[in-house]
Amino acid sequence: MSLPIYDVVELVIAELQTSKQVLLHAPTGAGKSTGLPLMILHQAQLTGRIIMLEPRRIAARSVAERLAEQLNEPVGMTVGYRMRSETKVSASTRLEVVTEGILTRMLQQDPELSDVSLVILDEFHERSLQADLALALLLDVQEGLRDDLRILVMSATLDNQCLSSLLPDAPVIVSEGRSYPVMRSYHPLSPHQPFEQSVASAVLRLLQQETGSLLLFLPGVGEIQRVLSQLEGKINDDVLLCPLYGALSLSDQRKAIAPAPEGMRKVVLATNIAETSLTIEGIRLVVDSGLERSSRFEPKSGLTRLITQRISQASMVQRAGRAGRLETGICWHLFSQEQAERAREHSEPEILHSDLSNLLLSLLQWGCRDNTQLHWLDNPPQPALAVAESLLLRLGALDDNRQLTSRGWQMAESGSEPRLAAILCSGKEHKEKEQSRAALVTAAKLVAILEEPPRSRQPDLLYWMMTNQRHWQQRTHQLVRNLADKFAVNSQADKRKKQRLESNSENNYENNSENIRLDLVPELLVRGFPDRIAKNRDNLGRFQLATGLGVALEREEPLSGEAWLVIPSFQQGNSHPDARVLLACPLDIEQTIKQHSFLFSENTAVEWDDNKGSLRAWKRLQCGRLIVKAQPLAKPSESELQEALLNWVRQEGLSTLNWSQEALQLRIRLQKAAEWLPEVEWPAVNDEALLNSLEQWLLPALVGVDDLKGLRQIELSSCLMGLLDWQQRQILDNELPTNYTVPTGSRITLQYFSDKPPVLAVRMQEMYGEQQNPVLAKGRVPIVIELLSPAHRPLQITQDLAVFWQGTYREVQKEMKGRYPKHLWPDDPANTAPTRRVKKHI
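Residues numbered from 1 in each chain as written. Predicted model: local features only at pLDDT ≥ 70, side-chain atom pairs only at ≥ 80, totals over all residues. Heavy atoms only, no water.

- Labelled according to an unreviewed UniProt entry, the protein chain appears under the name ATP-dependent helicase HrpB, originating from Xenorhabdus anantnagensis.

Next comes the structure, spelled out in structure tokens:
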């Protein structure tokens, strides 16, 4: 069968001969994943292997199987694949399809990729975090180690502008797609019906109207299961319902992808894993909910939140294209055309909103301490990198110099996320200390459960540790073997230990529950989740984490009565202030203090007691923001009192202080000075800056102050002046004075504002003789003149006094002569002597 991609094969191979990087844009149906790699393998005369990166496990396996099928070979011969927990390659494998973490690990273990000639990055438009990292590392390899290594970046909806700016010398090749016309229409869901019910109704309507199998895109597994239950019992017997998502078993995934049995059609309910790479046989109908589930990391809280959001326009095109692979198709978008037009053009790269702790660990393992040394499509955000560094320090992966520790190297080589890698390393350390395999098996099973959490409302992690489920047992077995491979081969004795460990693992992994040590589970969890220690708040299921975040269990859940928990898994929702606990384990806090003393800090705090109306001193043992123990102390010293008052201000905010008009005006003057006189270095006086510098400007005024009454009697203007040196004070008084001397000699107060120019309110007669509008800040800012009547009522507001005298003044003069005849209203005010008096006294 001829594929559109074959038309550009010769051009791709020619460019790979002369260019280090090649960009290929090939829409859905072109055959870029299943046609091009074999053509390159057979025609390009490459001396080494080809590695092709697929962003999803299900796609990697499917693509490898289709490539091998074209060669009439089983997977593992010429074409193989590597993914987490599953590898099918052999000595004869020349084309390997790998998932993202695997490619990064291959690079870390062999930076030269010594027997590889070409790396293909498929479906790059998905812009996953690992794909961006892989590209950055590959470019680094090309630059410093392998100028003969070739990179082919392939995508269905390539953001060429972004890639071309990073790779300006890379040729761009465009292939035509091959798809049949797809009739797209918009069918917004009824707001008066539950989401699942509306979606199911749309699916049933389309099935009644059209023939062929149907692919339904939903944001997540929960929606898939609920829509599935809505459809069951309402569809015809000739329709097969097939869910499709990443955590599904291999057999169920194959069932969703395979053609429907003869005489039947199927409805595949999928997440966005079905957007690209996968060809689901027989699909000519698509129903698109327009939604996807996305992870959003929040650096301020250090937590990742799952959000449901609208897909991009590129994703809409991809989803619709699934209907046109075999014949003319139909796509119903379950939203309005206006919503489609307002959607963003491309999906946001994962690197901009992800937890970067694993990426930072990979960079340090690579030997890169400064991420700007690598070439990125989008630079990793610094706030997320700072949070990642803080976490790696707490996990023991970094030393005080921000270098990888021996534990950090082991964590990086484990292939697991940093928190889970820390648990595995702790299990290994226990094993070495106690000569017991049980600690390592316990750590491995714990990680297996946390990597693929149970879909159940049972949050007790100890319950799941005792449960024998085959996929956890297999994953446990693999993790134990991996650790043996990586960390136990330094001597002949180590090798013998490794062989015994592997033998025991092979024979006994079905019965791992016999080797589990439940007493180690809390300690292991704390090593990976030190910030997830939680204290009971009310015995009603509400807990507080060491970070300060509130989490909750169902009241009837037995764990809700525990004093302390460690909570590795929870879900932050939008409708409830407390996150929902998914997995938790009871914690003996006294034992944790002994085992992990570094997580606890002892401090003395003096606080204002609102109930007693006085200051009290406490000695406290804390874990993050949680108070573990508190003991009252005797009367605090003056320095402790001052520290307590500063802490109270930080807690309550600056508004609790007595801000006089003079102090408020000084703050505004300093803020405007920074804006109008930027050549001078001025202190920041916004709330955040002042709260961060209380010791500098407020502490000196606290001598002798021992209560809130004294605190509120402090004149803050003199405190703020303490932030300025002599030269700054002179410039401020000269260029932004508090008063302005008008022609009569009167010193009139200037009023400063944060959102508008300064104002001088003065009686008109006192401004006679002033020919030009007064200015501030070295002539850069005109003062707003509010000219008043003899009764101090506003007559005119101007920023150009000369224009006013020559223009609008005539109308004011006419009116004022009648209203105030005893006062002077000259015809030429600009050249008339000013006065404070009436005519008879002039």
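## Describing unusual backbone geometry
Phase 1: Even without being glycine, Q45 reaches a positive phi, approximately 55°.
Phase 2: Position of Q45 relative to the elements: it lies in the loop between α2 (36-43) and β2 (49-53).
Phase 3: Positive phi, close to 50°, is recorded for A777, a residue that is not glycine. (Helix = DSSP H or I, 4+ residues; strand = E, 2+ residues; numbered from the N terminus.)

## Some remarks on the nonpolar core
Phase 1: Residues W697, L698 and L711 are the most contacted members of the largest nonpolar core, which totals 60 residues.
Phase 2: The dominant element in this core, judged by the number of residues it contributes, is helix α23 (residues 661-676), at six residues.
Phase 3: L53, W366, A384 and A397 belong to the second-largest nonpolar core, a separate cluster that totals 57 residues. (Core = buried A, V, L, I, M, F, W, Y, C linked by side-chain atoms within 4.5 Å. Buried < 20%, exposed > 50% of the residue type's maximum accessible area, 1.4 Å probe, protein only.)

## Focus: the sheet that holds strand β26 (residues 747-751)
Phase 1: The strand order β25-β26-β27-β30-β31 describes an open sheet built from five strands, whose pairing is mixed. Each of the sheet's edge strands pairs with one partner strand only, and the pair in question is β25 (739-741) and β31 (794-798). For this sheet, the mean angle separating the axes of adjacent strands, direction not counted, is 30°.
Phase 2: Here β26 runs beside strand β27 (residues 759-763); their pairing, made up of two bridges, is antiparallel. Directly across from L750, in β27, lies its bridge partner L760. (Pairing = 2+ DSSP bridges. Axes fitted to C-alpha atoms, helices over the stretch in contact; angles between N-to-C directions.)

## Some points on the environment of A256
Phase 1: Checked against the element boundaries, A256 lands in helix α9 (residues 250-257).
Phase 2: Between the C-alpha atom of A256 and that of P111, which follows or precedes it by 145 residues, the distance is 38 Å.

## Quick notes on the pairing of strand β10 (residues 213-217)
Phase 1: Of all five residues making up β10, five are buried, and the element is well covered by its neighbours.
Phase 2: Every second residue of β10 is oriented toward a common face, with S213, L215 and F217 on one face and L214 and L216 on the other, all of them buried.
Phase 3: For β10 and strand β13 (residues 283-288), the ladder comprises five bridges, and the chain directions are parallel. The residue of β13 that forms the bridge with L216 is V287.

## So, the side chain of N371
Phase 1: On the secondary structure map, N371 appears in the loop between α12 (357-366) and α13 (382-394).
Phase 2: Filtering out sequence-adjacent residues up to four positions away, N371 remains in contact with L363, W376, P380, Q382 and L385. (Contact = heavy atoms within 4.5 Å.)

## What about helix α7 (residues 195-209)?
Every α-helix winds through 3.6 residues per turn, so residues three or four apart in the chain are directed the same way.
Phase 1: Taking 1.5 Å of rise per residue, 15 residues should cover 21 Å, and α7 covers 22 Å from first to last C-alpha, within 8% of that figure.
Phase 2: Those residues of α7 not exposed but buried are E196, S198, V199, A200, A202, V203, L204, L206 and L207.
Phase 3: The secondary structure elements touched by the buried residues of α7 are β10, α8 (221-231), β12 (265-270), β13 and β16 (329-333). (Expected span 1.5 Å × (residues − 1).)

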